[in-house]
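This is what each chain is made of:
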Amino acid sequence: QVQVVESGGGLVQAGGSLRLSCAASRSISSSNSMGWYRQAPGKQREMVASITSGGRTNYADSVKGRFTISRDNGKNTVYLLMNSLKPEDTATYYCKYSTYVTGDYWGKGTLVTVSS
């Protein structure tokens, strides 16, 4: 089992920034990828950003140029820096720890609210 804990959410005005953190109980170097997802009320969960063990990143079109995913292997932590936030970024943000062998592990999420 891998425990994943997100933090850093909160209330921010449009145009502001937040940095989310995702701490894992197992070395993130053991994962094949780490990802951030979000789910707004009444909507399906969607991928926001991901980073592979080799450092390759992928972003949803809606956040490209505004969000940056990074990882600190020494701290077993993945970050999501969110700049130029928009009201439509309001959602609960989830972190996923993915492995080929034992599957995916999800955190409980952190709420981000962007006011206009």
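This text follows the structure it describes.
Just so it is clear, the model here is predicted, and its values are computed rather than measured.

**Structural notes on the side chain of S33**
Here S33 is to be found in strand β4 (residues 33-39). On the basis of relative accessible area, S33 is assigned to the buried category, the value being 17%. For S33, the contacting residues outside a window of four places in its chain are I51, T52, K96, Y97 and S98.

**Some points on the packing of aromatic side chains**
The final tally for this structure, using the stated rule, is two aromatic pairs. When the centroid spacing of 5.0 Å and the interplanar angle of 65° are considered together, the rings of Y37 and W106 count as edge-to-face. Linking Y37 in strand β4 with W106 in strand β10 (residues 103-106), this pair joins segments that are 69 residues apart in sequence. Take Y37: its relative accessible area is 17%, and that puts it in the buried class. The interplanar angle of 75° and the centroid separation of 6.2 Å between the aromatic rings of Y97 and Y105 together place this pair among those described as edge-to-face. Each member of the pair, Y97 as well as Y105, carries the same accessibility label: buried. In this arrangement the basic side chain of R45 is found over the ring face of Y94, its NZ or CZ atom lying 3.8 Å from the centre. When the ring centre of W106 is taken as reference, the NZ or CZ atom of R45 above it lies at 4.6 Å.

Calculation notes
Residues numbered from 1 in each chain as written. Predicted model: local features only at pLDDT ≥ 70, side-chain atom pairs only at ≥ 80, totals over all residues. Heavy atoms only, no water. Helix = DSSP H or I, 4+ residues; strand = E, 2+ residues; numbered from the N terminus. Buried < 20%, exposed > 50% of the residue type's maximum accessible area, 1.4 Å probe, protein only. Contact = heavy atoms within 4.5 Å. Phe/Tyr/Trp six-rings, centres within 6.5 Å; stacked < 30°, edge-to-face > 60°. Lys NZ or Arg CZ within 6 Å of the ring centre and 35° of its normal.

Coordinates in, geometry out; function isn't part of it.
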